[in-house]
Amino acid sequence: MNKPLKKQSDGQELFLRKIRRHRFTVRTARILILVLFLFLWEFCADKDIIDSFIFSSPSRIALCFWEMVLDRSIFLHIGVTLYETIASFLLVTVSGVLIAVLLWASRGLSEIVEPYLVVLNSLPKSALAPLLIVWLGATPTTIIVAGMSVAVFGSIMNLYTSFTTVDKEKIKLIYTLHGNRRHALFKVVLPSSVPAIISNMKVNIGLCLVGVVIGEFLAARSGLGYLIIYSSQVFKMNWLLMSIVLLCIMAMALYAVIGIIEKLFEKHF
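Everything numeric here is computed off the predicted structure, so don't read it as measured data.

Participant: How should I be thinking about the overall build of the chain in this particular structure?
Facilitator: Helix and strand counts for the chain come out as twelve helices and zero strands. In sequence order, the secondary structure elements of the chain are arranged as α-α-α-α-α-α-α-α-α-α-α-α. A globule of 269 residues ought to have a C-alpha radius of gyration of about 18 Å, yet the chain, at 25 Å, is considerably larger. If you line up the chain on its principal axes, its C-alpha atoms span 80 × 75 × 30 Å. A burial count over the chain gives 36% of its 269 residues as buried. Partitioning the contacts of the chain with sequence separation of at least 6, the portion at a separation of at least 24 is 70%. For the chain, the computed accessible surface area is about 17,300 Å², with 70% contributed by carbon and sulfur atoms. Taking the average location of the 26 positive side-chain charges in the chain and that of its 16 negative ones, the two points are 12 Å from each other.

See the structure below:
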């Protein structure tokens, strides 16, 4: 009687074990570096090696966060920043794709607009924030627009470049089969550019968060950016460092969500 075939050879099993061991080592090293950093920070602040008033400490930051959780004030600031970031990110994603499609559909328009996109993308966005406040007032809309301004121009340029570098032979095949420009867009250009769109989303989520924080520095009465600028003015360093830590956690969480979307797309398509 024949023996059942192995699902994996010994070489494949050894290779997979090496990959799993490498991933475990990387994760463990990351955690150990973070734990060591926090321990050294706490130790130095406790032993007065560093000024705990200026540099705070992990325990003080955790206590500050817990106090703001108890009075629920921190949820307002996190919610405001999260809402403004997601709103600006969605608007950047939609407008970036639509404008890039419009430029792809009209070569003449793209040649006219491209120099302006380059200039606007190169312009320091912090210079626009005071102007936006004058135009739109100190409102959440201003902060959302500030978040958009950081990412939208670069997004348009990157997506337009991706659209124009799609395989020309596939587009030629569409026209050979009596298709039109709309068929080429929906059958070839957009499907081929999905990886570029998702890659842009990964970059834009961080840029939108940066733009929102810049806007909150100047035109907000709530949000983590407002909390940072206020705490720096009154020397509440625990609040300031806690806000920075929360921004880091928020950035990682939003990036992870985009990564999950990417994996779902790869799994189903």
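Participant: I'm lost on unusual backbone geometry in this one. Help?
Facilitator: Residues other than glycine predominantly adopt negative phi, and peptide bonds predominantly adopt the trans conformation. With phi around 55°, Ser-56 is a residue other than glycine that occupies positive phi space. Examined against the element boundaries, Ser-56 turns out to sit in the loop between α2 (52–55) and α3 (58–70). Residue Ser-56 is classed as buried on the basis of its relative accessible area, which comes to 0%. At Arg-72, a position not held by glycine, the phi torsion is positive, near 65°. Here Arg-72 is to be found in the loop between α3 and α4 (73–105). On the basis of relative accessible area, Arg-72 is assigned to the exposed category, the value being 66%.

Participant: Looking at this model, I keep getting lost on the side chain of His-77. Mind explaining?
Facilitator: Position of His-77 relative to the elements: it lies in helix α4. Classification of His-77 as buried rests on a relative accessible area of 9%. Sequence-distant contacts of His-77, defined by excluding residues within four places in its chain, comprise Met-68, Ser-222, Gly-223, Leu-224, Tyr-226 and Leu-227.

Participant: Before we go on, may I ask you to explain α3 in this structure?
Facilitator: Helical geometry note: an α-helix holds 3.6 residues per turn, so side chains three or four residues apart project in the same direction. Compared with an ideal rise of 1.5 Å per residue, which puts 13 residues at 18 Å, α3 spans 18 Å between its outermost C-alpha atoms and is within 8% of the ideal. Among the residues of α3, those classed as buried are Pro-58, Ile-61, Cys-64, Met-68 and Val-69. Take α3 and look down its axis: the buried residues cluster within an arc of 140°, on one side only. Away from its buried face by more than 90 degrees, α3 exposes Leu-63 and Leu-70. Just downstream of α3, Arg-72 is the residue with a positive phi angle, here 65°.

Rules of the game
Residues numbered from 1 in each chain as written. Predicted model: local features only at pLDDT ≥ 70, side-chain atom pairs only at ≥ 80, totals over all residues. Heavy atoms only, no water. Helix = DSSP H or I, 4+ residues; strand = E, 2+ residues; numbered from the N terminus. Rg over C-alpha atoms; globule rule 2.2 N^0.38 Å. Buried < 20%, exposed > 50% of the residue type's maximum accessible area, 1.4 Å probe, protein only. Contact = heavy atoms within 4.5 Å. Areas by Shrake-Rupley, 256 points an atom, 1.4 Å probe, with all protein chains shown as cover. Lys, Arg positive; Asp, Glu negative; His and termini not counted. Charge placed at Lys NZ, Arg CZ, Asp CG, Glu CD. Expected span 1.5 Å × (residues − 1). Arc of directions from axis to C-beta.

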